[in-house]
Amino acid sequence: MAIPDDVKEYIEKNIKLMISQTETYIPFIKAAFPYSQNLADGVYSLITGSALSVFVNQYAMRMKYPSAEDFSEFGKLALKYREKIDQFFK
């Protein structure tokens, strides 16, 4: 089963919102964590974690369970935004 289009759209909107918020907070993030070796990994993990919560909640509202294939598709969907997050820290 593929992720329903409306769920996919909702997840992507959430990820894009989180990325735009990250862009706003970059100066603070860099000042607050000057010794972190890879801030991009941390930010990506936070954004993906938030998106995962949205993903699972969307299924719960439909009283369904995501399959292993759905989780795999979610991972691919989130990975599309990895490069954008990396660019903030280069």
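Quick note: structure is the one above.
Residues numbered from 1 in each chain as written. Predicted model: local features only at pLDDT ≥ 70, side-chain atom pairs only at ≥ 80, totals over all residues. Heavy atoms only, no water.

*Asks:* Would you mind going over the nonpolar core with me for this structure?
*Replies:* Across soluble globular proteins, you tend to see nonpolar side chains buried next to one another. Residues Ile11, Ile15, Ile19, Phe55, Ile85 and Phe89 are the most contacted members of the largest nonpolar core, which totals 23 residues. Only α1 (5-32), α2 (39-61), α3 (68-79) and α4 (82-88) provide two or more residues apiece to this core. Broken down by element, this core gets its largest block of residues, nine residues, from α2. Excluding residues that lie within four positions of it along the chain, isoleucine 19 makes contacts with Ile47, Tyr81, Lys84, Ile85 and Phe88. (Core = buried A, V, L, I, M, F, W, Y, C linked by side-chain atoms within 4.5 Å. Buried < 20%, exposed > 50% of the residue type's maximum accessible area, 1.4 Å probe, protein only. Helix = DSSP H or I, 4+ residues; strand = E, 2+ residues; numbered from the N terminus. Contact = heavy atoms within 4.5 Å.)

*Asks:* So what exactly am I meant to see when it comes to a nonpolar patch on the surface here?
*Replies:* A contiguous nonpolar patch, built from Tyr25, Phe28 and Phe33 and spanning about 360 Å² of accessible area, is present on the exposed surface. Along the chain, phenylalanine 28 falls in helix α1. Exposure remark for phenylalanine 28: the relative accessible area of 53% places this residue in the exposed category. (Patch = residues over 30% accessible without salt bridge, like charges linked within 9 Å, V, L, I, M, F, W, Y side chains within 5 Å. Areas by Shrake-Rupley, 256 points an atom, 1.4 Å probe, with all protein chains shown as cover. Salt bridge = Lys/Arg side-chain N within 4 Å of Asp/Glu carboxyl O.)

*Asks:* Where do I start with the side chain of arginine 82 in this structure?
*Replies:* Counting through the fold element by element, arginine 82 comes out in helix α4. Judged by its relative accessible area of 17%, arginine 82 falls in the buried class. Side-chain polar atoms of arginine 82 contact the side chain of aspartate 41, separated by 2.5 Å. Those residues in contact with arginine 82 that sit more than four places away from it in its chain are Ala40, Asp41 and Tyr44. (Polar contact = N/O pair within 3.5 Å; in protein donor to acceptor, adjacent residues only side chain to side chain.)

*Asks:* Honestly, unusual backbone geometry in this entry has me stumped. Any pointers?
*Replies:* Most peptide bonds are trans, and most residues other than glycine sit at a negative phi. Phi at methionine 63 is positive, roughly 55°, even though this residue is not glycine. Assignment of secondary structure puts methionine 63 in the loop between α2 and α3.

*Asks:* Is there a simple way to think about α3 in this case?
*Replies:* Because an α-helix completes one turn every 3.6 residues, residues spaced three or four positions apart along the sequence face the same direction. Across its twelve residues, α3 extends 17 Å between first and last C-alpha, which sits within 8% of the 16 Å expected from 1.5 Å per residue. If you check which residues of α3 are buried, you get Asp70, Glu73, Phe74, Leu77 and Ala78. Along the long axis of α3, the arc covered by the buried residues comes to 135°, so they all point the same way. Pointing more than 90 degrees away from the buried face of α3 are the exposed residues Ala68, Lys76 and Leu79. (Expected span 1.5 Å × (residues − 1). Arc of directions from axis to C-beta.)

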